[in-house]
Amino acid sequence: LIGLMTPRRASSYAAQGAWILDSGASDFLVGASNLSKRELKDSNCHGPAVLLSTANGTIEQSARSRQMLPNTGGQDLEVNALIMENMDLNICSMGQMVDDRLFAVVWTSDGECLWRDPESHEWVRLVVENHVPVLQPHPDQSGIPECLHSLLNCASSPTESGIGVPALGGTPRVSLDGIIR
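Residues numbered from 1 in each chain as written. Predicted model: local features only at pLDDT ≥ 70, side-chain atom pairs only at ≥ 80, totals over all residues. Heavy atoms only, no water.

K.L.:
Help me understand the overall build of the protein chain in this model?
P.N.:
Along the backbone of the protein chain there are five helices and 13 strands. Across the 181 residues in the protein chain, those meeting the buried criterion constitute 34%. Contacts in the protein chain between residues far apart in sequence, at least 24 positions, make up 52% of those at least 6 positions apart. Here the protein chain has roughly 11100 Å² of accessible surface; of this, 53% comes from carbon and sulfur atoms. (Helix = DSSP H or I, 4+ residues; strand = E, 2+ residues; numbered from the N terminus. Buried < 20%, exposed > 50% of the residue type's maximum accessible area, 1.4 Å probe, protein only. Contact = heavy atoms within 4.5 Å. Areas by Shrake-Rupley, 256 points an atom, 1.4 Å probe, with all protein chains shown as cover.)

This is how it looks when you write it as structure tokens:
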């Protein structure tokens, strides 16, 4: 009975502050100053140490915290982020999100960043600050399908126009429906 009354620890937390999407980050990083004392206490140091090249030289880090990334059009995602002592940012590895979790990202010529969730297939315009995308939906979500059509050189809906990948050897055209949704 005593074991049933013991409070359960949360499996993951939501760090304070925004998460920036970094194409140069090989791992998820969370600033220690963005974590509560409880999160720091619950951190995991059992994984292998990772060598990171920083502006201040190479450092070895092993402490990790299970974090929930903010929702940007799909389900919340849990990551195991390295805890960085002297950093006040939260950094999301764009490479891991695209390669391992099948997200898609499109930069427009006017500096917008469009982000596609692989589960919901929903495109979201992200906030961009000083040329850095933030995992936070931009207040203006209008015109995303038109923007994607323009970027892919489509004048109208791919299903209406039949525009897709040109047919080779008599094979049917491939629709862009799975890309633009």
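K.L.:
Honestly, the packing of aromatic side chains in this entry has me stumped. Any pointers?
P.N.:
To describe a pair of aromatic rings, you give the distance between the ring centres and the angle between the ring planes. Across all of its chains, the model carries one aromatic pair by this definition. Taking the centre distance of 4.9 Å and the plane angle of 20° together, the rings of Phe-103 and Trp-115 count as stacked. Placement of the pair is Phe-103 in the loop between helix H3 (94-99) and strand E8 (104-107) and Trp-115 in strand E9 (residues 113-116), with a sequence separation of 12 residues. Residue Phe-103 shares its accessibility class with Trp-115, and that shared class is buried. (Phe/Tyr/Trp six-rings, centres within 6.5 Å; stacked < 30°, edge-to-face > 60°.)

K.L.:
Looking at this structure, how should I read the pairing of strand E10 (residues 123-129)?
P.N.:
On a regular strand, each side chain points to the face opposite its neighbour's, so the side chains alternate between the two faces of the sheet. Summarising burial for E10: five of the seven residues are buried, a large majority. Bridge analysis of E9 against E10 gives four bridges, and the strand direction is antiparallel. When the sheet's bridge partners are listed, Cys-113 is paired in E10 with Leu-126. Counting the residues in the hairpin turn of E9 and E10 gives six residues, including His-121, whose phi is positive at 60°. (Pairing = 2+ DSSP bridges.)

K.L.:
Looking at this model, I keep getting lost on the nonpolar core. Mind explaining?
P.N.:
If you look at soluble globular proteins, the nonpolar side chains tend to sit buried side by side. Among the nonpolar cores identified, the biggest contains 21 residues, and Trp-19, Leu-69, Cys-92 and Leu-135 are the most heavily contacted of them. Those elements giving two or more residues to this core turn out to be strand E1 (19-22), strand E6 (77-84), H3, E9 and E10. Among the elements that line this core, the one with the most residues is E6, at three residues. Contacts of Trp-19, omitting those with residues within four sequence positions, involve Leu-29, Val-30, Gln-67, Met-68, Leu-69, Pro-70, Ala-81, Asn-90, Ile-91, Cys-92, Val-134 and Leu-135. (Core = buried A, V, L, I, M, F, W, Y, C linked by side-chain atoms within 4.5 Å.)

K.L.:
Is there a simple way to think about unusual backbone geometry in this case?
P.N.:
What is expected of a backbone is that most residues other than glycine have negative phi and most peptide bonds are trans. Located in the positive-phi region is His-121, a residue other than glycine, with phi close to 60°. For His-121, the position within the fold is in the loop between E9 and E10. Of note in the backbone geometry, His-131 takes a positive phi value of approximately 70° without being a glycine. For His-131, the location among the structural elements is in the loop between E10 and strand E11 (132-137). Judged by its relative accessible area of 74%, His-131 falls in the exposed class.

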